[in-house]
Structure formats: C-alpha cells, structure tokens
Amino acid sequence: MITLNNRTKIKKTKIRVGRGIGSGKGKTSGRGVKGQKSRSGVAIKSFEGGQMPLYRRLPKRGFNPIGKKNIAILNLNKIQSYIDKKNIKSSDLINTELLKKLKLINKNSIKLKILGSGNIKEKINVEADLASKSAIEKLEKIGGSIQIKK
C-alpha cells in the first residue's frame, strides 16, 4: 500500500548545471574538458573531417519508386484526334511500336493502357497491354477490336 511518505516522486526537480562544485554538475557542466563539443553551437553531426560525407557518397533515391513501370496512357478521344490530324491511319494496327515511332508516346514507356474517355468514330484495331472496361466496350460497340497482351 502506498502512503504519502513512500510514494514515487511525480515531479522531478531539474538539474541546474554549472552551479558550483557541490552540485556534481559544476565547472564544465558534465561536458568533459575543452574541445569543440564542450562549446555551445556545435554542429558536427555528419562532418567526417573533410572526407566526402556518407549522405553525399550514396546515390539519390528520393521519391522515385524503384520498380516503377512506365505506362503510357491514351484516351479514345486522343486516338480520334490523331486520326483526324492524319497522324494515324484508322486502317493500321495501333500499338506501342507505332506510337513510339510517330513520337505520340514517350520512348521510355514500357506498357500502353487505353482509357475510355471521349468517343471514337472510326473502326480501329488496337493492341495494348492494359485497357479499361469502358474503352473495350466503346471499341467493340463501334466495331473495332482490341487485343490485350499478356
């Protein structure tokens, strides 16, 4: 049972450093003797004595996910505008190789995804890695075809 005289202290007194030899934290205030670390305003966390610090020796890897797949996305209205501008013929097979060759998608993109935003008027054949349900629906409704690569 805890009584008033044997209970644990809740309020601990702050140690006052540099207040005389009797306090146990007098003179050098527990900082040892001389040198940069005993002074105020020390900032030597990553300093390695002039050697190139570790954080500068390692490559930058920030917010770029390592396993990121570059997926080029194309909406149906974008494909339609390319056909209208005569960049693409509606008769030929639209795939990553063709789009990269015509510089309509980035050369670094690995996969192609067709999205169903907008409308398409021409009957086209598309070969893509991924496609949304609405895109497939719209292409089949107009009589076009879409092959999805596995």
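Focus: the nonpolar core
Membership of the largest hydrophobic core comes to 21 residues, with the highest contact counts inside it found for L74, I79, I88, L99, I114 and I124. Every element with two or more residues in this core is listed here: β1 (71-75), α2 (76-84), α3 (96-101), β3 (111-115), β4 (125-128) and α4 (133-142). Per-element accounting of this core gives the leading share, four residues, to α2.

Here we look at the sheet that holds β3
Strands sit in the order β1-β3-β5 across an open sheet of three strands; the sheet is parallel. Looking at the sheet topology across the chains shown, the edges are occupied by β1 and β5 (130-131). Sheet analysis places β3 next to β5, joined by two bridges and oriented parallel. The residue of β5 that forms the bridge with I114 is A131. The sheet contacts of α2 involve β1 and β3, and relative to β1 the element is tilted by about 75 degrees.

Definitions and cut-offs
- Residues numbered from 1 in each chain as written.
- Predicted model: local features only at pLDDT ≥ 70, side-chain atom pairs only at ≥ 80, totals over all residues.
- Heavy atoms only, no water.
- Core = buried A, V, L, I, M, F, W, Y, C linked by side-chain atoms within 4.5 Å.
- Buried < 20%, exposed > 50% of the residue type's maximum accessible area, 1.4 Å probe, protein only.
- Helix = DSSP H or I, 4+ residues; strand = E, 2+ residues; numbered from the N terminus.
- Pairing = 2+ DSSP bridges.
- Contact = heavy atoms within 4.5 Å.
- Axes fitted to C-alpha atoms, helices over the stretch in contact; angles between N-to-C directions.

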